[in-house]
Amino acid sequence: MDTNGLTRPEKIKQKFQLVKGDFTPTEASDVIMSLLDEKINFHQKQRLQNWEQNHKSNSDEIDERINQLEEEKQAVKDFIAEARNLKSNLNINGILEITIVDNQ
């Protein structure tokens, strides 16, 4: 008998359509930059929380992820600038895939 009331879900992986459609370069930039900025902000908060708990904590992994995201931002900006120069719109198909993993 399950005493804690938690049961394993039937699906351990699901996909969610976050963004889909054609966008002007400005609209695409707004959508993608917002997502990237939120993710960067998440890691910056995480780094601060770790530091508040332990001033000697190692933030190398978090710093590296922030740097990767900053590089992605620049790559997106460059790509959108190309579309803008071509006077073209962009199609975005943003799918988020989530998988339940065991913590054991």
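Each remark here, short or long, concerns the structure printed above.
What counts, and where the lines are drawn
Residues numbered from 1 in each chain as written. Predicted model: local features only at pLDDT ≥ 70, side-chain atom pairs only at ≥ 80, totals over all residues. Heavy atoms only, no water. Salt bridge = Lys/Arg side-chain N within 4 Å of Asp/Glu carboxyl O. Helix = DSSP H or I, 4+ residues; strand = E, 2+ residues; numbered from the N terminus. Buried < 20%, exposed > 50% of the residue type's maximum accessible area, 1.4 Å probe, protein only. Patch = residues over 30% accessible without salt bridge, like charges linked within 9 Å, V, L, I, M, F, W, Y side chains within 5 Å. Areas by Shrake-Rupley, 256 points an atom, 1.4 Å probe, with all protein chains shown as cover. Axes fitted to C-alpha atoms, helices over the stretch in contact; angles between N-to-C directions. Parallel < 35°, antiparallel > 145°, perpendicular 65-115°, else oblique. Nonpolar A, V, L, I, M, F, W, Y, C, P; charged D, E, K, R; others polar. Contact = heavy atoms within 4.5 Å. Core = buried A, V, L, I, M, F, W, Y, C linked by side-chain atoms within 4.5 Å.

Novice: Where do I start with the pattern of salt bridges in this structure?
Specialist: Opposite charge on two side chains permits them to pair, given that their charged atoms come into close proximity. Under the defined criterion, the tally for this structure stands at 4 salt bridges. The closest approach of N and O atoms between Glu97 and Lys15, which form a salt bridge, is 3.7 Å. In this pair, Glu97 is assigned in strand E2 (residues 90-99) and Lys15 in strand E1 (residues 13-23), connecting sequence segments 82 residues apart. With a relative accessible area of 42%, Glu97 lands in the partly exposed category. For Lys15, a relative accessible area of 56% translates into the label exposed.

Novice: Just checking my understanding: could you explain a nonpolar patch on the surface for this structure?
Specialist: Residues Phe16, Leu18, Leu96 and Ile98 make up a contiguous nonpolar surface patch of roughly 350 Å² in combined accessible area. Elements represented by at least two residues in the nonpolar patch include exactly E1 and E2. When you line up the elements, Leu96 lands in strand E2. Take Leu96: its relative accessible area is 38%, and that puts it in the partly exposed class.

Novice: When you look at the packing of helix H1 (residues 25-53) against helix H2 (residues 60-85) in this model, what are you seeing that I'm missing?
Specialist: Relative placement of two packed helices is described by the angle separating their axes and the distance separating the axes. Taken N-terminus to C-terminus, the directions of H1 and H2 make an angle of 170°; their axes are 10 Å apart at the nearest point. By the criterion of interaxial angle, the relationship of H1 to H2 is roughly antiparallel. The class makeup of the residues in the contact of H1 with H2 is 12 nonpolar, 6 polar and 10 charged.

Novice: Sorry, what's going on with the side chain of His43 here?
Specialist: Relative to the elements of secondary structure, His43 occurs in helix H1. With near-sequence residues (within four places) excluded, His43 lies in contact with Ile62, Arg65, Ile66 and Leu69.

Novice: Looking at this structure, how should I read unusual backbone geometry?
Specialist: Residues apart from glycine generally show negative phi values, whereas peptide bonds are mostly found in trans. A positive phi is found at Lys87, a non-glycine position, where the angle reads about 55°. Take Lys87: it is sitting in the loop between H2 and E2. Its relative accessible area of 77% is what places Lys87 among the exposed residues.

Novice: Before we go on, may I ask you to explain the nonpolar core in this structure?
Specialist: Soluble globular proteins tend to bury their nonpolar side chains together. Among the nonpolar cores identified, the biggest contains 14 residues, and Phe23, Ala28, Val76, Ile80, Leu90 and Ile92 are the most heavily contacted of them. Broken down by secondary-structure element, the contributors of at least two residues to this core are E1, H1, H2 and E2. Counting residues per element, this core draws most heavily on H2, at 6 residues. Ignoring any residue separated from it by four or fewer positions in sequence, one finds Ile92 in contact with Val19, Lys20, Gly21, Phe23, Ala28 and Ile32.

Novice: So what exactly am I meant to see when it comes to the environment of Ile80 here?
Specialist: Topologically, Ile80 is positioned in helix H2. For Ile80, a relative accessible area of 4% corresponds to the buried category. Between the C-alpha atom of Ile80 and that of Pro25, which follows or precedes it by 55 residues, the distance is 5.8 Å. Not counting the four nearest positions on each side in its chain, Ile80 is found in contact with Pro25, Ala28, Ser29, Ile32 and Leu90.

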